[in-house]
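# Structural overview for review
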Amino acid sequence: MDYKKAGVDIEAGYQSIALMKKHVQETMRSEVLTNLGGFSGAFSLEKFKDMEKPTLVSGTDGVGTKLKLAFVLEQHDTIGIDCVAMCVNDIACAGAEPLFFLDYIACGKNEPEKIAEIVKGVAAGCKASDAALIGGETAEMPGFYAEDEYDLAGFAVGIVDEKDLITGCDITEGDILIGIGSSGVHSNGFSLVRNIFSMTKESLHTFYEELDGTLGETLLAPTKIYVKALRAIKDAGVKVQGCSHITGGGFYENIPRMLGKDVHATVIKDSYPVPPIFRMIAREGQVAEEMMYRTFNMGLGMVLVVDQMDGKKTLEALRAAGETAYIVGEIIAGETGVTLC
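Residues numbered from 1 in each chain as written. Predicted model: local features only at pLDDT ≥ 70, side-chain atom pairs only at ≥ 80, totals over all residues. Heavy atoms only, no water.

## A look at the packing of aromatic side chains
All told, the structure shown has 6 aromatic pairs when counted by the stated rule. Considering the side-chain rings of Phe43 and Phe100, the 5.3 Å spacing of their centres and the 45° angle between planes classify their relative orientation as tilted. Residue Phe43 is found in the loop between helix H1 (10–25) and strand S1 (54–62), and its partner Phe100 is found in strand S2 (residues 97–107); the two are separated by 57 residues along the sequence. Taken individually, Phe43 and Phe100 each receive the classification buried, so the pair is uniform in this respect. (Phe/Tyr/Trp six-rings, centres within 6.5 Å; stacked < 30°, edge-to-face > 60°. Helix = DSSP H or I, 4+ residues; strand = E, 2+ residues; numbered from the N terminus. Buried < 20%, exposed > 50% of the residue type's maximum accessible area, 1.4 Å probe, protein only.)

## Concerning the layout of surface pockets
Approximately 460 Å³ is the volume attributed to the second largest pocket. Around the second largest pocket sit 21 residues that line it, and Gly95, Ala96, Asp164, Leu230 and Lys234 are the ones nearest its centre. Elements with a contribution of two residues or more to the lining of the second largest pocket: S2, strand S4 (150–161) and helix H8 (227–235). Its residues assigned to classes, the lining of the second largest pocket shows 12 nonpolar, 1 polar and 8 charged. (1 Å grid on protein atoms, 1.4 Å probe; cavity = no way out; pocket = protein on both sides within 12 Å on 5 of 7 lines; lining within 4 Å. Points joined across faces, edges and corners; volume = space filled by probe spheres on them. Nonpolar A, V, L, I, M, F, W, Y, C, P; charged D, E, K, R; others polar.)

## Quick word on the sheet that holds strand S10 (residues 300–306)
Read from one edge of the open sheet, 6 strands run S8-S10-S5-S11-S9-S12, paired in mixed fashion. In the strand order of this sheet, the two ends are held by strand S8 (242–245) and strand S12 (337–340), each with one partner. Each strand axis lies, on average, 25° off the axis of its neighbour in the sheet, ignoring direction. Inspection of the sheet shows strand S5 (residues 176–181) paired to strand S11 (residues 325–333) by 5 bridges, in the antiparallel sense. Residue Ile180 lies in a different strand from S11, and its bridge partner there is Ala325. Contacting S5, S10 and S11, helix H12 (residues 311–320) runs over the sheet at an angle of about 10° to S5. (Pairing = 2+ DSSP bridges. Axes fitted to C-alpha atoms, helices over the stretch in contact; angles between N-to-C directions. Contact = heavy atoms within 4.5 Å.)

## Concerning the sheet that holds S4
A sheet is described by the order of its strands in space; here 4 strands give the open sequence S1-S4-S2-S3, paired in mixed fashion. Unpaired on one side and paired on the other, S1 and strand S3 (132–140) mark the two borders of the sheet. In this sheet, neighbouring strand axes are inclined to one another by 15° on average, regardless of whether the strands run parallel or antiparallel. In this structure, S1 lies alongside S4, joined through 9 bridges in antiparallel fashion. Note that in S4 the partner of Pro54 across the bridge is Asp161. In the packing of helix H4 (residues 112–129) onto the sheet, contacts are made with S2, S3 and S4, and the angle to S2 comes to roughly 165°.

This is the structure in structure tokens:
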């Protein structure tokens, strides 16, 4: 008996690293001090020493059961974007610039080509957010995961000058809400989605005119990364008072998280177009409207609070950055929370 016969192929691990190196290399920043394959990753902060109070911001997350669609469709090259997005979008909510990212892949069997495809997506997400992929881990765990399945999680670190932290403390009555369009369902609510639609190749390859694509293509569309969009707002001279990444818990859980005391957010539901996939989910699953807004992003992946006088400038900056954006509500005095009307 040896390790390979027990289900762990060390040579496959070496091959995975060799295949992923080219993707990882494309994410490098000048501050990275180590090479792939070491025990840790090192990142210099010398570039940021002129900040008054440099502050590190971190975030960690996974992709969740959206992975089940990747398994069925045998498409693994975009799921890594979701993993990066879930982490760096949270960091961006604090006003921070992502610096580096690490991934963790646990699988039943190490198939080097598949692992390389996953990391290719992670690298694409890192490039979209200007984060360096400085390390990671691939754990082969036979008997724990099915041979053709895996889990994917990540961890990101960013930096911001303390004075530029987005805390929500300055939100006041009269401020407005800006919603930035999502690319679809993103990476939340898939336990519900998988109970509504049949997760078979036939079902996921079915074309729907209302979606202008197949169900699988629509659901597997990677989570949008908003790092550069928020940077464009900052470069336009706009101060973001509050920022909410609309993930698990939808509007009702996430919007209040960015609010300070004694302010209440009101969202106008018909102030922006809800993508067809959400109407299909509600119809096919007979999901109540309130539950839809408690579970999904409903077409807005990020909601910001800015001064009313900065509304036009914010929209112009976002649209120049290639985003779709809308004024979707306002801040009123009241108990911390959100009302949809």
